[in-house]
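# Coordinate analysis (summary)
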Amino acid sequence: MNTAFLQGEATVANYIEAFSERGGVGMLGVLLNIVGVPLLLAGLVGLLQLASPKSSIVSRIAVAAITVGMVAFLCMNGALLAFYSFGSGGAAAAASAAEQLTVASTGMLALLVPFLLGNAVGMVCTAIALLKSRVTSLWVPVALLLFFVLDFLVPAMAFFDTHLLFGAFAVGAGASVLRRRPQAFPQHRP
């Protein structure tokens, strides 16, 4: 977890630097996240619909958990977009936005919990549903599990980003959805 939220004045200075020097790139990244969340949810629902006939309960848990995680992620990015927008108005606006973001850090941390828990449960359940149903190649859920584990354990490296594993998962999952025709989730009968 990023401890910058907890460092007081140093945090304000870091935010001012980010808003004034990298504001455009940061805002672009946030906008890509905002556009990507609905696309990710749609893709995962389609993928889990393929898996649902053989793993109905796990697929539904995965959809629910990922939805919670992605809604929290969307809210976090909406807040960051607002702060980047405020901070792009010059040094004084960047300082004001940085101070507001420092004050709002508690709220951002409150969104971080459902984001992390929802996505963790969702990714593991998605991998289990895919392994159980065998609607994709074995490497697809393995790539998702490797991403999940390595994203938390491996520090950032210059030549490898763990999100490349998620990208591989997404390509393999997309190919699986395109090859097959997703059906509605079956009715669960206890």
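Residues numbered from 1 in each chain as written. Predicted model: local features only at pLDDT ≥ 70, side-chain atom pairs only at ≥ 80, totals over all residues. Heavy atoms only, no water.

Another point: the side chain of Thr162. Mapping Thr162 onto the fold places it in the loop between helix H5 (139-153) and helix H6 (163-179). Judged by relative accessible area, Thr162 falls into the buried class, the value being 7%. (Helix = DSSP H or I, 4+ residues; strand = E, 2+ residues; numbered from the N terminus. Buried < 20%, exposed > 50% of the residue type's maximum accessible area, 1.4 Å probe, protein only.)

Once that is clear, we can look at H5. Helix length check: H5 (15 residues) gives 20 Å between terminal C-alpha atoms against 21 Å at 1.5 Å per residue, within 8%. Along H5, the residues that are buried comprise Val140, Pro141, Ala143, Leu144, Phe147 and Phe148. Summarising the axial view, the buried residues of H5 lie within an arc of 155 degrees, below the 170-degree limit, and thus occupy one face. (Expected span 1.5 Å × (residues − 1). Arc of directions from axis to C-beta.)

There is about 180 Å³ of room inside the second largest pocket. Lining of the second largest pocket is provided by Leu39, Leu40, Gly43, Leu44, Leu47, Phe166, Phe169, Ala170, Ala173, Gly174 and Val177. Counting only elements with at least two residues in the lining of the second largest pocket, the list comes to helix H1 (9-51) and H6. Tallying contributions element by element places H6 first for the lining of the second largest pocket, with 6 residues. (1 Å grid on protein atoms, 1.4 Å probe; cavity = no way out; pocket = protein on both sides within 12 Å on 5 of 7 lines; lining within 4 Å. Points joined across faces, edges and corners; volume = space filled by probe spheres on them.)

Among the surface-exposed residues, Leu131, Leu138, Val142, Leu145 and Leu146 lie close enough to one another that they form a single nonpolar patch of about 390 Å² accessible area. With 3 residues, H5 is the single largest residue contributor to the nonpolar patch. (Patch = residues over 30% accessible without salt bridge, like charges linked within 9 Å, V, L, I, M, F, W, Y side chains within 5 Å. Areas by Shrake-Rupley, 256 points an atom, 1.4 Å probe, with all protein chains shown as cover. Salt bridge = Lys/Arg side-chain N within 4 Å of Asp/Glu carboxyl O.)

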